[in-house]
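# Working through the structure, step by step
The chain contents come next:
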Amino acid sequence: MPSTSHWLDLFPGLKRLPDALSSTLIRNSVVVSLPAGSRIYGPGQAPDSYLLLIEGTVRVQQVSEGGREIVLYRISAGESCALTTACLMGYEDYQAEAIAEENVRAVAIPRETFDDLIARSPLFRRFVFTAFSARVTDLFRIIDQVAFARLDIRVAAKLLELSRGEGSLAATQQEIASELGTTREVVSRILSEFQRRGWIAISRGSLAILERAALEKLSRER
């Protein structure tokens, strides 16, 4: 793991900055640590820093007035937060929340330094906008899935994603529903059907994947 003075090693786009700008970036930025479960930001808050993740995973989610959740995206080590980028550039407050899923270490680049480098450095602008563009593309993919993909296909794909190649995953039906932006009752019906077919085995707070090939085949349908 890079030391706090060399966190730039995780971000190839920033390593190409001229030495003077790299020094300014390192000198003015702060490395922060947060425990799993921490709320990093929430609706109505205004960002004061550009965030780059060094280690851990952060979940960015939207919560409706009725309490339903949908996971918009996750931030992993070596990535930035697209929503923070948009709010910084647009001088807007957050409309979603970010939760640390694991212990997190992140770099906070103050707004003043962020604005200065955006104005002065084409390389820094390219780094910021390339990361932002990739995340916006991911969000359009999510919108497409929510609007057009059959929910059983999305559930199958999500089970495969969350299992990370393992034979089981620790997730409640409510957590899976939040990942997909639907209700627990709908997810429960689909999982019950998967279990009836012998594809999965449901237990309290976890799922065992018995027929991965069947889930993979369903997840590829359109």
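Going by the structure above, here's the rest.
This section reports on the structure supplied with the text.

The rules behind these values
- Residues numbered from 1 in each chain as written.
- Predicted model: local features only at pLDDT ≥ 70, side-chain atom pairs only at ≥ 80, totals over all residues.
- Heavy atoms only, no water.
- Helix = DSSP H or I, 4+ residues; strand = E, 2+ residues; numbered from the N terminus.
- Buried < 20%, exposed > 50% of the residue type's maximum accessible area, 1.4 Å probe, protein only.
- Contact = heavy atoms within 4.5 Å.
- Areas by Shrake-Rupley, 256 points an atom, 1.4 Å probe, with all protein chains shown as cover.
- Lys, Arg positive; Asp, Glu negative; His and termini not counted.
- Charge placed at Lys NZ, Arg CZ, Asp CG, Glu CD.
- Pairing = 2+ DSSP bridges.
- Axes fitted to C-alpha atoms, helices over the stretch in contact; angles between N-to-C directions.
- Core = buried A, V, L, I, M, F, W, Y, C linked by side-chain atoms within 4.5 Å.
- 1 Å grid on protein atoms, 1.4 Å probe; cavity = no way out; pocket = protein on both sides within 12 Å on 5 of 7 lines; lining within 4 Å.
- Points joined across faces, edges and corners; volume = space filled by probe spheres on them.
- Nonpolar A, V, L, I, M, F, W, Y, C, P; charged D, E, K, R; others polar.
- Phe/Tyr/Trp six-rings, centres within 6.5 Å; stacked < 30°, edge-to-face > 60°.

## So, the overall build of the protein
A tally of regular secondary structure across the protein gives nine helices and 10 strands. If one aligns the C-alpha atoms of the protein with their principal axes, the spans along those axes are about 65 × 35 × 30 Å. Here the protein holds 222 residues, and 41% of them are scored as buried. Of the contacts formed within the protein by residues at least 6 apart in sequence, a portion of 69% connects residues at least 24 apart. Carbon together with sulfur atoms contributes 52% to the accessible area of the protein, which is approximately 11,800 Å² in total. The centroid of the 27 positive side-chain charges in the protein is displaced by 4 Å from the centroid of its 27 negative side-chain charges.

## A short note on the sheet that holds strand β4 (residues 57-63)
Working definition: the strands of a sheet are paired by backbone hydrogen bonds and lie parallel or antiparallel to each other. Taken in spatial order, the four strands line up as β2-β6-β4-β5 in an open sheet, and their pairing is antiparallel. Whereas interior strands pair on both sides, the edge strands pair on one side only; in this sheet they are β2 (39-41) and β5 (69-76). Going across the sheet, the axis of each strand differs from the next one's by a mean of 30°, ignoring polarity.

## Structural notes on the nonpolar core
Ranked by internal contacts, the top residues of the largest apolar core, which has 21 residues, are L159, I176, L191, F194, I200 and L215. Among the elements of the structure, α6 (151-163), α7 (173-180), α8 (184-196), β10 (206-209) and α9 (212-219) are those that each provide at least two residues to this core. Here I176 is in contact with L159, L162, A171, V187, L191 and L207, once residues within four sequence places are set aside.

## Considerations on the layout of surface pockets
The volume enclosed by the second largest pocket comes to roughly 270 Å³. Taken together, 13 residues form the lining of the second largest pocket, with R74, E101, A171, E175 and E179 sitting closest to its centre. For the lining of the second largest pocket, the secondary structure elements donating two or more residues are β4, β5 and α7. Considered class by class, the residues forming the lining of the second largest pocket number five nonpolar, two polar and six charged.

## Notes on the packing of aromatic side chains
A complete count under the given rule lists seven aromatic pairs for this structure. Ring plane angle 35° and centroid distance 4.9 Å describe the contact between Y50 and F114, whose orientation is recorded as tilted. Of this pair, Y50 sits in strand β3 (residues 49-55) while F114 sits in helix α4 (residues 111-120); the two residues are 64 residues apart in sequence, bridging distant segments of the chain. The burial state of Y50 is the same as that of F114; both residues are buried. Arranged with centres 5.3 Å apart and planes meeting at 40°, the rings of F194 and W199 form a pair that is tilted. Among the residues examined, W199 registers a relative accessible area of 14% and is labelled buried.

## Brief notes about unusual backbone geometry
A positive phi angle is found at Y91, which is not glycine, with a value near 50°. One can find Y91 in the loop between α3 (82-90) and β6 (97-100). Exposure remark for Y91: the relative accessible area of 59% places this residue in the exposed category. Backbone geometry places R164, a non-glycine residue, at a positive phi of 55°. As for its position among the elements, R164 is in the loop between α6 and β8 (168-169). Exposure remark for R164: the relative accessible area of 64% places this residue in the exposed category.

Function-wise, these values are silent; they only describe arrangement.
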